[in-house]
4 protein chains.
Amino acid sequence: MIIQLRPHTDPARVQAMAELLDAIIVRQNGHSLLLTTSKLKTLAPEIREEAEAVFVMETDIQLASAQYQRKKREVKIGDLVIGGETNHTLMITGPCAVETESQIDSVASFAHSMGVKVLRAGSYKPRTSPYSFQGLGLEGLQLLAKMRDKYGLKIITEVKDATHVDAVIEYADIIQVGAKAMYDQGTLRACGRARKPVLIKRGFGSTLQEFVQAAEFVLSGGNEEVMLCERGIRTFETKTRFTLDLCGVAYLKEHTNLPVILDPSHAMGYRYGVSDLARACTAMGVDGLLIETHPDPDRAWSDASQQLNFEEFKALYESLHSVAAAVGRKIV
Amino acid sequence: MIIQLRPHTDPARVQAMAELLDAIIVRQNGHSLLLTTSKLKTLAPEIREEAEAVFVMETDIQLASAQYQRKKREVKIGDLVIGGETNHTLMITGPCAVETESQIDSVASFAHSMGVKVLRAGSYKPRTSPYSFQGLGLEGLQLLAKMRDKYGLKIITEVKDATHVDAVIEYADIIQVGAKAMYDQGTLRACGRARKPVLIKRGFGSTLQEFVQAAEFVLSGGNEEVMLCERGIRTFETKTRFTLDLCGVAYLKEHTNLPVILDPSHAMGYRYGVSDLARACTAMGVDGLLIETHPDPDRAWSDASQQLNFEEFKALYESLHSVAAAVGRKIV
Amino acid sequence: MIIQLRPHTDPARVQAMAELLDAIIVRQNGHSLLLTTSKLKTLAPEIREEAEAVFVMETDIQLASAQYQRKKREVKIGDLVIGGETNHTLMITGPCAVETESQIDSVASFAHSMGVKVLRAGSYKPRTSPYSFQGLGLEGLQLLAKMRDKYGLKIITEVKDATHVDAVIEYADIIQVGAKAMYDQGTLRACGRARKPVLIKRGFGSTLQEFVQAAEFVLSGGNEEVMLCERGIRTFETKTRFTLDLCGVAYLKEHTNLPVILDPSHAMGYRYGVSDLARACTAMGVDGLLIETHPDPDRAWSDASQQLNFEEFKALYESLHSVAAAVGRKIV
Amino acid sequence: MIIQLRPHTDPARVQAMAELLDAIIVRQNGHSLLLTTSKLKTLAPEIREEAEAVFVMETDIQLASAQYQRKKREVKIGDLVIGGETNHTLMITGPCAVETESQIDSVASFAHSMGVKVLRAGSYKPRTSPYSFQGLGLEGLQLLAKMRDKYGLKIITEVKDATHVDAVIEYADIIQVGAKAMYDQGTLRACGRARKPVLIKRGFGSTLQEFVQAAEFVLSGGNEEVMLCERGIRTFETKTRFTLDLCGVAYLKEHTNLPVILDPSHAMGYRYGVSDLARACTAMGVDGLLIETHPDPDRAWSDASQQLNFEEFKALYESLHSVAAAVGRKIV
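Being a predicted model, the structure only gives us computed values, none of them experimental.

Where do I start with the overall build of chain A in this structure?
A count of helical and extended segments in chain A gives 11 helices and 15 strands. For chain A, whose C-alpha radius of gyration is 20 Å, the value lies close to the compact-globule estimate of 20 Å for 332 residues. For the C-alpha atoms alone, the extent of chain A along its principal axes is close to 65 × 40 × 40 Å. Relative to its 332 residues, chain A shows a buried fraction of 66%. A fraction of 67% describes how many contacts in chain A between residues 6 or more apart in sequence connect residues 24 or more apart. Accessible area for chain A stands at about 11,100 Å²; split by element, carbon and sulfur atoms hold 48% of it. Of the side chains in chain A, 38 bear a positive and 41 a negative charge, and the two mean positions are spaced by 2 Å.

Below is the structure:
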């Protein structure tokens with residue numbers, strides 16, 4: 001249940017009610033909200049009368065739900081805005097991982113020249129093998145910060161576990177919670193306390209319910225700027241790396257108030273399908289795209305098969321403007 | 001292996017070689033082809049020299065493969081053509097099932113008025129319960145034939161098992177092999193002998209490999225007019241009915257030579273996502289769409305939750321033209 | 001709803017009520033039953049008073065449900081009995097396919113010498129490729145009949161589609177509905193009319209609900225002797241061929257009244273795990289096992305990797321008796 | 001590649017070779033091992049000659065593989081030993097979560113009275129909703145330690161993310177890496193440095209390859225005492241909570257050298273199937289079982305539907321001894 005208290009309710013009273021209801025207190029839009037389990041369906045009259053509005057919820061998708069707030073939330077990345085009524089589709093591109101300064105500079109320079117505003121690259125790589133390249137760590141974050149300064153790009157980079165979440169929060173413009181960290185409450189709670197936008201990738205074995213509930217951890221921690229990122233789920237089909245769940249995206253658009261970003265690169269796992277999928281996502285009216293690009297994909301240290309080269313990205317990027325226009329949207 | 005024999009090879013010799021190699025003989029483009037298991041990798045010299053071309057294949061996706069023929073096959077439904085170099089995206093619409101004459105006439109009349117050329121409706125319904133509506137059977141086929149005569153529409157309707165495949169072949173303009181019949185060789189072989197286009201729906205638990213191999217049954221039976229239809233696979237996600245596999249569609253476009261039709265209605269299972277998904281499919285450059293429409297979806301005898309009403313279909317249909325144009329295609 | 005009518009209800013009245021309720025009529029245990037959709041929850045008083053008992057059901061799992069009949073159904077294969085209160089676990093073994101007379105005779109002779117009573121082998125193989133061995137067809141059925149005469153074994157063999165269901169019904173002692181034919185109503189309805197036990201394999205992409213509803217097609221057709229066979233479902237895991245769903249078996253034991261047979265060979269796909277899994281299934285208290293055995297597995301024409309050789313089968317078979325005894329059961 | 005160096009190789013030389021090969025150094029059985037990516041297939045002669053043995057590996061399952069060491073690893077939990085040649089099946093039981101002192105004392109006392117040696121209970125619960133009970137945290141760990149002192153039980157409890165891994169390592173006798181933390185390298189690396197046995201639960205969306213590679217993180221960190229725990233994977237089937245993957249267990253037994261523990265409670269999700277599944281697992285010859293037990297399951301604060309009450313556990317536990325004996329094993 002979401003209990004929106006009257007403005008100026010005495011803080012001690014707010015605290016007392018929260019304890020009574022085993023509720024989380026969060027401030028949103030100038031109100032104190034009390035958030036309880038959705039199993040709570042009725043309120044005692046003395047609490048009810050302190051409330052300006054009460055939302056009885058079906059499931060623990062609460063702050064993120066369209067039932068609570070139909071209007072899509074806005075997320076601001078500096079002067080860039082997505083969600084709300086903007087009809088913006090944000091392009092984010094960059095390599096799987098920061099490898100060297102010249103590699104990341106090459107991509108950053110290219111992205112900048114194309115008019116792309118946000119650069120992605122991982123520095124803490126959630127590899128499943130201890131014997132693979134694990135990312136450059138802090139050094140990679142510093143290189144990304146350098147690219148921000150040099151090209152005026154915003155930076156998005158991934159947290160893979162709670163040991164380095166503070167470093168990522170410090171360096172990134174958008175904190176990416178990796179698919180393998182989607183259930184990591186240490187990380188999610190740290191993001192809830194952060195004052196930066198958070199993009200949560202869906203775990204490839206995670207239901208939509210769990211996915212949106214991961215966003216609830218961040219929202220109920222006090223950070224309202226959360227984006228969801230669908231990047232493919234694991235199914236029986238192995239000809240492609242994962243299965244991009246656009247039915248799920250339709251569900252998220254209908255039932256939540258969060259901007260939705262799509263990552264066709266990881267879903268497909270092969271260069272050849274990425275552009276077609278990116279156009280499909282754009283025609284669905286999503287709020288952003290995350291496309292892996294590398295100066296020389298065949299020599300990439302990770303995800304070699306799925307990253308576009310600059311020429312491929314350029315062709316894709318140009319085609320997206322007309323697809324976006326056909327559905328009343330704009331690529332930013 | 002596909003062994004394309006020289007023109008005018010003596011039929012007795014063709015037969016003898018087929019027996020020797022345990023091969024299927026098929027005539028395509030004026031040639032006799034011998035089709036063997038893909039495990040066969042080399043030929044005896046005396047057979048080799050009768051061949052104009054030999055295709056050593058990796059898997060039993062052979063006639064359907066881009067390796068054998070990169071150019072996409074054309075399929076003709078009367079004077080309608082899709083595939084090849086047409087850049088056509090065919091719209092097919094209609095209700096889940098024929099229920100009554102007035103119901104199917106209402107849809108047929110509406111489809112005709114919109115400029116849609118192909119009407120879909122099931123008459124043998126592959127319900128999973130013996131206690132549900134099972135379709136009108138032959139009576140439904142006759143009603144569909146009546147609509148064809150009245151409105152000049154082409155008819156597509158589903159075979160659910162081999163007991164009624166001959167009736168469907170007789171009445172339909174396009175024979176739809178239902179998802180639950182995708183492995184039914186009795187049905188596939190009958191389609192291979194038919195002289196009408198066949199649309200094969202992917203089983204919701206079927207791999208892409210098996211899906212295309214179902215097409216091989218029809219192609220190797222001598223029928224070259226085969227279309228594949230992706231309609232959602234079964235995954236762990238249950239908020240939507242199935243998961244539309246657009247990564248798989250990218251695979252089919254890259255690795256096969258068959259037109260690909262998309263059915264977002266069955267994948268989604270809910271009215272609200274169908275239009276967004278249909279636009280996404282169109283932007284991917286698919287060869288056709290199958291959209292369920294019903295005069296009064298809430299009262300439909302089956303699939304009530306996913307069928308569009310006329311107003312919804314009209315809004316969707318109009319929006320598709322500009323999406324198609326944005327990717328250089330045309331809705332037909 | 002299951003409406004059990006009073007004995008001696010006038011047949012014309014039965015027929016009239018069935019038409020009124022859109023119900024299927026079936027005779028069981030000397031009673032006429034009217035079977036309607038489970039959506040029907042209440043009856044008109046004039047029909048209610050003709051009923052001896054009325055079962056309001058939650059889903060279309062009706063005749064097969066523990067709610068309708070808690071006691072497990074008995075199935076008789078000649079003088080062999082399983083289910084009911086027998087605590088019997090039936091061993092069925094044999095090769096994937098009948099290949100030659102000497103091959104099937106070798107297995108039949110071996111099975112007979114071990115005390116196994118039921119021989120399995122396919123003659124119509126539901127291969128996914130048209131270029132693979134498709135089975136011997138009628139000739140294979142005749143060879144199986146010869147083995148029955150020679151060794152006194154019961155025969156189980158598979159229907160893959162409706163085109164040959166009558167031949168299988170004629171030759172087999174147990175009709176096996178193959179996993180790929182589980183939704184094939186032409187086949188299921190023919191089995192409903194047959195007077196022989198039916199074993200239905202679960203489709204690898206089929207839910208438990210759909211699986212049991214396939215049994216409802218046979219039961220509501222008037223054939224009470226139905227067994228369910230779990231043989232592995234398709235999941236994201238590819239190190240093994242399928243995933244044997246023993247949680248599902250626990251569900252079937254709790255919620256249905258049908259004997260459950262397990263096929264670990266197809267689930268595993270590799271010889272090495274079959275014996276361990278067969279012991280696991282036995283300890284779960286299942287009603288039977290289907291184990292693939294071949295005189296020379298490496299040279300088998302199909303499923304080469306998963307068939308046990310005679311020595312492996314012998315070791316397994318001997319170990320099963322003590323496992324069965326540990327849970328109060330007996331291998332027959 | 002695993003390069004087992006000669007004893008007494010100069011540490012500086014070991015270091016130099018590790019740097020050259022980008023290898024991890026680990027000490028096992030008195031040897032220094034260099035561990036490189038499995039992509040490395042050949043060695044320069046000057047390194048080759050320092051090696052006593054070289055294992056060229058197919059995949060990054062290296063230290064855990066049967067190819068490297070066929071004999072199953074032993075794990076010691078105090079004076080309890082499993083794995084190796086012990087034929088022991090370890091029983092672990094306890095509630096989902098520590099709720100109160102009286103609740104945990106009740107279970108501990110019961111377990112002790114039954115002869116069970118290891119008590120399980122979570123204190124940091126990886127709930128998917130921020131609005132559910134999250135566990136008692138440190139207080140719960142302290143209660144578990146108290147039970148250890150009072151009843152002489154060993155304690156296993158779960159890490160859900162890296163923020164509290166040190167606390168769990170300090171208090172537990174066996175560190176349980178939760179299914180949702182299986183990819184959490186911060187946690188896995190901390191376990192690699194710990195001197196206590198580690199039990200890794202398989203992520204419900206994780207392949208066997210990834211699962212065993214999680215163990216490689218711990219093994220290559222220098223901790224040899226690792227157990228794998230299969231607890232059900234997520235599939236399309238929703239009648240049960242998860243699908244226990246016994247085919248996968250057969251794979252792990254054949255291809256790895258790690259003890260395998262089974263958790264049928266989480267797989268099933270319902271009390272009714274747990275005992276049958278536990279007997280099945282035992283008959284497969286697994287190294288341990290994890291069974292949830294609660295003094296009053298219906299009032300449990302989490303996982304209420306799947307925990308056994310004491311009477312059910314007692315009946316199960318007694319039946320397991322004869323099943324274990326039937327396959328030459330002993331419950332400890």
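Even after reading the chapter, I still don't get the sheet that holds strand β2 (residues 24-28) of chain D, so can you show me in this structure?
Two orientations exist for strands paired in a sheet by backbone hydrogen bonds: parallel and antiparallel. Residues and elements named next belong to chain D. In space, the 4 strands of this open sheet follow the order β2-β3-β1-β4, with antiparallel pairing throughout. Both edges of this open sheet fall to β2 and β4 (51-55), since each of them pairs with a single strand only. Strand after strand, the sheet turns through a mean of 25° between neighbouring axes, direction not considered. Both strand β1 (residues 2-5) and strand β3 (residues 31-35) contribute to a ladder of 3 bridges, which runs antiparallel. Opposite Ile3, over in β3, you have Leu34 as the bridge partner. Against the sheet, helix α1 (residues 11-21) makes contact with β1, β2 and β3, and its axis sits at roughly 15° relative to β3, the strand it touches most.

Whenever I open this one, the relation of the copies chain C and chain A confuses me. Can you help?
Between the two chain copies there is a screw-like relation: a rotation about an axis and a shift along it. Screw-axis analysis of chain C against chain A gives a translation of 0.0 Å along the axis, an RMSD of 0.0 Å, and a rotation angle of 180°. In symmetry terms, the pair is related by a two-fold rotation axis. Using C-alpha coordinates, one finds that chain C approaches the rotation axis most closely at Phe236 of chain C, a distance of 2.1 Å.

Just checking my understanding: could you explain the relation of the copies chain B and chain A for this structure?
When chain B is fitted onto chain A, the two copies agree to an RMSD of 0.0 Å after a turn of 180° and an axial shift of 0.0 Å. The residues that chain B uses at the interface reappear at the interface of chain A in 100% of cases, marking a shared surface.

So what exactly am I meant to see when it comes to the side chain of Thr235 of chain A here?
Residue placement: Thr235 of chain A occurs in the loop between β12 (226-230) and α8 (246-255). By relative accessible area, which is 7% here, Thr235 of chain A ends up buried. Within polar-contact distance, the side chain of Thr235 of chain A engages the side chain of Thr243 of chain A at 2.9 Å. Apart from the residues lying within four places of it in its own chain, the contact partners of Thr235 of chain A are Thr243 of chain A, Ile233 and Thr235 of chain B together with Phe236 of chain C.

Just checking my understanding: could you explain the interface of chain B and chain A for this structure?
Each partner contributes to the interface: chain B provides 40 residues, whereas chain A provides 40 residues. Both sides together, the interface formed by chain B and chain A hides about 3,100 Å², and carbon and sulfur atoms give 71% of it. Of all residues in chain B, Phe236, Lys239 and Cys247 of chain B bury the most surface against chain A, accounting for 21% of the area lost on that side. Taken together, the links from chain B to chain A amount to 4 salt bridges.

Looking at this structure, how should I read the interface of chain C and chain A?
How big an interface is tends to be reported as the loss of accessible area on association of its parts. Contacts between chain C and chain A engage 4 residues on the former and 4 residues on the latter. Both sides of the chain C and chain A interface together cover about 300 Å² of buried area, and 81% of this is carbon and sulfur. Among the residues of chain C in contact with chain A, Arg234, Phe236 and Thr238 of chain C are the three that bury the most area, contributing 90% of the side total. Summed over the shared surface of chain C and chain A, the number is 0 salt bridges. If you look at where chain C meets chain A, you find 0 residue pairs in polar contact (both at pLDDT 80 or more).

Help me out: how do you make sense of the packing of aromatic side chains in this one?
The geometry of an aromatic ring pair is captured by the separation of the ring centres together with the interplanar angle, meaning the angle of the planes. The final tally for this structure, using the stated rule, is 32 aromatic pairs over all chains. A ring pair is formed by Phe204 of chain A and Phe242 of chain A, whose centres lie 5.2 Å apart and whose planes are at 25°; its orientation type is stacked. Residue Phe204 of chain A is found in the loop between β11 (198-201) and α7 (208-219), and its partner Phe242 of chain A is found in the loop between β12 and α8; the two are separated by 38 residues along the sequence. A centroid spacing of 5.8 Å and a plane angle of 75° characterise the contact between Phe110 of chain D and Phe313 of chain D, whose relative ring orientation is edge-to-face. Taken together, the residues Phe110 of chain D in helix α3 (residues 101-114) and Phe313 of chain D in helix α11 (residues 310-326) connect sequence positions 203 residues apart.

How should helix α1 (residues 11-21) of chain C be read in this particular structure?
Since there are 3.6 residues in each turn of an α-helix, residues three or four apart along the chain are aligned in direction. Residues and elements named next belong to chain C. Listed as buried for α1 are Val14, Met17, Ala18 and Leu21. The arc that holds every buried residue of α1, seen down its axis, measures 105°, which confines them to one face. Those residues of α1 that are exposed and angled more than 90 degrees off the buried face are Ala12, Glu19 and Leu20. Where the residues of α1 are buried, they touch β1 (2-5), β2 (24-28), β3 (31-35) and α2 (45-48). Downstream of α1 by one or two residues, Asp22 has phi in the positive range, about 55°.

How should the nonpolar core be read in this particular structure?
Generally speaking, nonpolar side chains in soluble globular proteins are found buried as a group. One finds Ile200 and Leu246 of chain C together with Ile200 and Leu246 of chain D to be the most contacted residues of the largest nonpolar core, which totals 168 residues. Contact partners of Leu246 of chain C, with chain neighbours within four places excluded, come to Leu262, Cys281 and Met284 of chain C together with Leu246, Leu277 and Ala280 of chain D. Grouped together as the second largest cluster of nonpolar side chains are 154 residues, Met114, Val165 and Ala215 of chain A together with Phe242 of chain C included.

It is not clear to me how the environment of Asp105 of chain C should be interpreted in this structure. Could you clarify?
Residues and elements named next belong to chain C. Note on placement: Asp105 falls in helix α3 (residues 101-114). On the basis of relative accessible area, Asp105 is assigned to the buried category, the value being 14%. Residues Asp105 and Leu144, spaced 39 residues apart in sequence, show a C-alpha to C-alpha distance of 8.9 Å.

What is the right way to look at the sheet that holds β2 of chain C in this model?
All names here are of chain C. The strand order β2-β3-β1-β4 describes an open sheet built from 4 strands, whose pairing is antiparallel. The open sheet has two free edges, formed respectively by β2 and β4 (51-55), since each of these has just one partner strand. Here the strands of the sheet are splayed against their neighbours by 25° on average, with no regard to which way each runs. The sheet contact formed by β2 and β3 spans 5 bridges and is antiparallel. Directly across from Ile24, in β3, lies its bridge partner Leu35. Taken strand by strand, α1 contacts β1, β2 and β3, and its axis lies near 15° from that of β3.

Can you help me understand unusual backbone geometry in this one?
Peptide bonds are mostly trans, and most non-glycine residues show a negative phi. Positive phi is not limited to glycine here, since Asp22 of chain A has a value of about 55°. Looking at the secondary structure, you find Asp22 of chain A in the loop between α1 (11-21) and β2 (24-28).

Would you mind going over the state of the cysteines with me for this structure?
Covalent bonding between the sulfur atoms of two cysteines is what defines a disulfide. By the definition in use, this model includes 0 disulfides over all chains. Not part of a disulfide, Cys229 of chain B finds its nearest cysteine sulfur in Cys281 of chain B, a span of 9.7 Å. A residue is classified by how much of its surface remains accessible, and Cys229 of chain B, at 0% relative accessible area, is buried. Distance from the sulfur of Cys281 of chain D, which forms no disulfide, to the nearest cysteine sulfur (Cys247 of chain C) is 8.8 Å.

Looking at this structure, I do not really get the side chain of Asn223 of chain C. What am I missing?
Residue and element names in this part refer to chain C. With respect to the element layout, Asn223 can be found in the loop between α7 (208-219) and β12 (226-230). Accessibility expressed as a relative area gives 3% for Asn223, which makes it buried. There is a polar contact of 3.2 Å between the side chain of Asn223 and the backbone oxygen of Ala194. At a separation of 2.9 Å, a polar atom in the side chain of Asn223 contacts the main-chain carbonyl oxygen of Lys196. Those residues in contact with Asn223, other than ones at most four positions away along the chain, are Cys191, Gly192, Ala194, Arg195, Lys196, Val198 and Val218.

Looking at this model, I keep getting lost on the pattern of salt bridges. Mind explaining?
Two side chains carrying opposite charge are able to pair once their charged atoms lie near each other. Inspection of every chain in the model, using the stated rule, returns 84 salt bridges over all chains. With its nearest N and O atoms 2.9 Å apart, the salt bridge here joins Asp173 of chain C to Arg148 of chain C. One end of the pair, Asp173 of chain C, is in the loop between α5 (165-171) and β10 (174-177); the other, Arg148 of chain C, is in helix α4 (residues 138-151), and 25 residues separate them in sequence. For the salt bridge of Asp303 of chain D with Arg241 of chain D, the shortest nitrogen-to-oxygen distance reads 3.0 Å. With Asp303 of chain D in the loop between β14 (288-292) and α11 and Arg241 of chain D in the loop between β12 (226-230) and α8 (246-255), this pair connects stretches of sequence that are 62 residues apart. Here Arg241 of chain D falls in the partly exposed class, since its relative accessible area comes to 39%. Each of the salt bridges in this network shares a partner with another, and the network as a whole consists of Arg202, Glu230 and Asp245 of chain A together with Glu237 of chain B.

Cut-off values and rules
Residues numbered from 1 in each chain as written. Chains lettered and ligands numbered in written order. Predicted model: local features only at pLDDT ≥ 70, side-chain atom pairs only at ≥ 80, totals over all residues. Heavy atoms only, no water. Helix = DSSP H or I, 4+ residues; strand = E, 2+ residues; numbered from the N terminus. Rg over C-alpha atoms; globule rule 2.2 N^0.38 Å. Buried < 20%, exposed > 50% of the residue type's maximum accessible area, 1.4 Å probe, protein only. Contact = heavy atoms within 4.5 Å. Areas by Shrake-Rupley, 256 points an atom, 1.4 Å probe, with all protein chains shown as cover. Lys, Arg positive; Asp, Glu negative; His and termini not counted. Charge placed at Lys NZ, Arg CZ, Asp CG, Glu CD. Pairing = 2+ DSSP bridges. Axes fitted to C-alpha atoms, helices over the stretch in contact; angles between N-to-C directions. Least-squares fit on C-alpha atoms with pLDDT ≥ 70 in both. Polar contact = N/O pair within 3.5 Å; in protein donor to acceptor, adjacent residues only side chain to side chain. Buried area = accessible area lost by both parts, 1.4 Å probe. Salt bridge = Lys/Arg side-chain N within 4 Å of Asp/Glu carboxyl O. Phe/Tyr/Trp six-rings, centres within 6.5 Å; stacked < 30°, edge-to-face > 60°. Arc of directions from axis to C-beta. Core = buried A, V, L, I, M, F, W, Y, C linked by side-chain atoms within 4.5 Å. Disulfide = S-S within 2.5 Å.

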